[in-house]
Amino acid sequence: MYPTDYRYTKQHEWVKIDGTIGTVGITDYAQQELGDVVFVEMPKSGTKIKAGTSFGTVESVKAVSEIFSPVSGEVTETNALLADAPEKINSDPHVTAWLIKVKLDDPKEAASLMDAAAYQAYIAAAAKDH
Amino acid sequence: MRYLPKSPSERQEMLAAIGAGSIDELFKSIPEKFRLREPLALPGPLSEAEIIQYFKARADENSVGYTSFLGAGVYSHLRSVVSDAIIQRGEFLTSYTPYQAEFAQGTLTAIFEFQTLMCQITGQEVANASMYDGSTALTEAVLMAERLTDRDYVLVARSVHPEYRQVLHTYAKNLGLKVEEIGFTESGQIDRAALTQDKLSKAAAVVVQSPNFFGVLEDLPPLAEAAHAQGSLLITTITEAVSLGIVRPPVEADIVAMEGQAFGIAPSYGGPYVGVIATRDKFVRQMPGRLAGQTTDAAGNRGFVLTLATREQHIRREKATSNICTNEALYALAATIHLCLIGKEGIREQALQNLAKARFAQAELEKIPGVRRAFSGRTFNEFALEFPRSVKLINAELLKEKIVGPFSLGVNYPELTKNAVVCVTETTSRAEIERFAAAVRKILDKPL
């Protein structure tokens, strides 16, 4: 379910590192919590973003949630698919429904985030608190 | 929700939480000269009989028996008593924001109808539940263009209502928005030559009014084309909404900011009125204000709800599109009732009458030696004239004849002190127009 080559944040975003480029999305757990996604607001290409700060929002029928970046860098691309089909976030959050690609300031930055096993333990604990 | 006053200790606690030592410190950004240091000078309580007397005296101050040729943003049009009778029903008059759709279907349906009518009449794809008035609608439209284009510079025609421009300047001052005003040509239209490629390429929007403050219709298609070529938007504002009965709707505009007063709302000493924002469907996320949408309930019945509320301040706080948290629901309803009463043919006929009477008045006035048209552009029910002497003096004389004269342009355009905008609507009779022309002739015949 959770790709082992991704890194995860406590706010339920994932990042996949390919050299100096990081691809960012929200996790399957996040999409389940949000419910049907109806709109995604994303930054323009060229925007500088910082790890831990909000770069956009995901709006579902239940709520609007900020999306926090797992990494720092410059946005090089946003997923055009989501403008017309935001529901892809519900059906395929880890692959086709990525949100942005970031040219990383420091490719090692993501190493401090959780790996798949740690993240699954984290959401299992969160589920118990519910 | 209960409204209970705060105790002094609660007050201190709240001040401490935001780091202010006292109420004075909290309001320190308000200059001292604007601070009220004594109780409001209000008269003492009155008995019921005294209150009735007081309001009767105030009502007698109304200018009964005057004929008006004053437009300039507010228009006298025929209104039906049906409108007043319906909006005074308690269900509408005292209803609160229709957040709870299950018992606000009446209000929500009315808002939805209003939005539909505004789209039909402006040729736009989506309209909101209304804004405070035309001037705030225009300013919100400019801020919307700023968000859509990511540009903080706007080009505004000087032929846009001066008060609308003042409201825009007030907002712009504290938002880091640069406003540049563009002059007009002998036609009375915006000076297109001044809209250089360089300016347009930096501008969020070009703002024009049509019919403009001089009554002249702007030519929207080339303006839209020039703006769009440089990534800029076209915003059109309309103060005389009845013009849309015969004038081609502003379909080229990206955002329409309109004053809806002309749709059956009394001039009422300057307000309240009802503003309208209408735009393209693709811009709806950046449109400010409340929006009613159509849906189906659990049983499959057609119903209405407030929708896309995440643009609004009660949900999004500082990320909202605007700080407007309300709408002019009652006047939006009044405009809806009015338009439904007169219908598509009715508004066309009303507009044609305005045009015909204005043409007649213009011809009568132009027969007077020294009086001539100020601009060559096409007009609707307002037109600018140049007089051989100061309009202020002419108007003072007209008032003695129980005629409210045309709007003196010198107030806002120092170069046009001998110019005035005459407004003639369907409420003005032929005899009144003739009496007005005769009075002007008599005044100008008198030696200075």
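### A short note on unusual backbone geometry
Each neighbour pair has its own omega, and for Ser-210 of chain B with Pro-211 of chain B the value is -10°, a cis peptide bond. Along the chain, Pro-211 of chain B falls in the loop between strand E5 (205-209) and helix H10 (220-229). A cis amide bond links Gly-271 of chain B with the next residue in sequence, Pro-272 of chain B, at an omega value of 0°. Topologically, Pro-272 of chain B is positioned in the loop between strand E7 (255-259) and strand E8 (275-279). Positive phi, normally seen in glycine, also occurs at His-12 of chain A, with a value near 70°. Mapped onto the elements of the fold, His-12 of chain A is located in the loop between strand E1 (6-8) and strand E2 (13-18). Overall, His-12 of chain A belongs to the buried group, with 24 C-beta atoms counted inside 10 Å.

### Looking at the domain arrangement of chain B
Residues and elements named next belong to chain B. Along its sequence, chain B is carved into domain 1 (67-76 + 343-445) and domain 2 (81-338). Using only C-alpha atoms to locate each centre, domain 1 and domain 2 end up separated by 28 Å. Between domain 1 and domain 2, the contact holds 24 residues from the first and 23 residues from the second. It is helix H12 (residues 329-366) that provides the largest number of residues to the side of domain 1 that touches domain 2, a total of seven residues. In terms of residue class, the side of domain 1 that touches domain 2 is made up of 11 nonpolar, 10 polar and three charged.

### Considering the sheet that holds strand E9 (residues 100-104) of chain A
Residue and element names in this part refer to chain A. Here six strands make up an open sheet; going across it, the order is E1-E2-E3-E9-E8-E5 and the pairing antiparallel. Strands at the two margins of the open sheet, each flanked by one partner only, are E1 and strand E5 (48-49). Of the strand pairs in this sheet, strand E8 (residues 73-78) and E9 are connected by five bridges, and their pairing is antiparallel. For Gly-73, the partnering residue across the bridge sits in E9 and is Leu-104.

### What to know about the nonpolar core
Counting residues in each nonpolar core, the largest one holds 116 residues, and the members touching the most others are Ala-205, Val-207 and Ile-235 of chain B. Sequence-distant contacts of Ile-235 of chain B, defined by excluding residues within four places in its chain, comprise Ala-141, Val-142, Ala-145, Ala-205, Val-207, Ala-253, Asp-254, Ile-255 and Ala-257 of chain B. Counting residues in hydrophobic clusters, the runner-up holds 32 residues, among them Met-42, Trp-98, Leu-99 and Ile-100 of chain A.

### Digging into the sheet that holds strand E12 (residues 382-386) of chain B
Residue and element names in this part refer to chain B. An order of E11-E12-E15-E14 is seen for the four strands of this open sheet, with the pairing classed as antiparallel. The sheet is open, and its two borders are formed by strand E11 (372-373) and strand E14 (407-408), each paired with just one other strand. By the bridge criterion, two bridges tie E11 to E12 in an arrangement that is antiparallel. Across the sheet, the residue bridging to Arg-372 is Glu-386, located in E12. Packing of H12 onto the sheet brings it into contact with E11, E12 and strand E15 (419-423), and relative to E12 it is tilted by some 10°.

Scoring rules and cut-offs
Residues numbered from 1 in each chain as written. Chains lettered and ligands numbered in written order. Predicted model: local features only at pLDDT ≥ 70, side-chain atom pairs only at ≥ 80, totals over all residues. Helix = DSSP H or I, 4+ residues; strand = E, 2+ residues; numbered from the N terminus. Buried ≥ 20, exposed ≤ 12 C-beta atoms within 10 Å, placed from the backbone. Domains from an automatic or database assignment. Contact = placed C-beta atoms within 7 Å. Nonpolar A, V, L, I, M, F, W, Y, C, P; charged D, E, K, R; others polar. Pairing = 2+ DSSP bridges. Core = buried A, V, L, I, M, F, W, Y, C linked by C-beta atoms within 7 Å. Axes fitted to C-alpha atoms, helices over the stretch in contact; angles between N-to-C directions.

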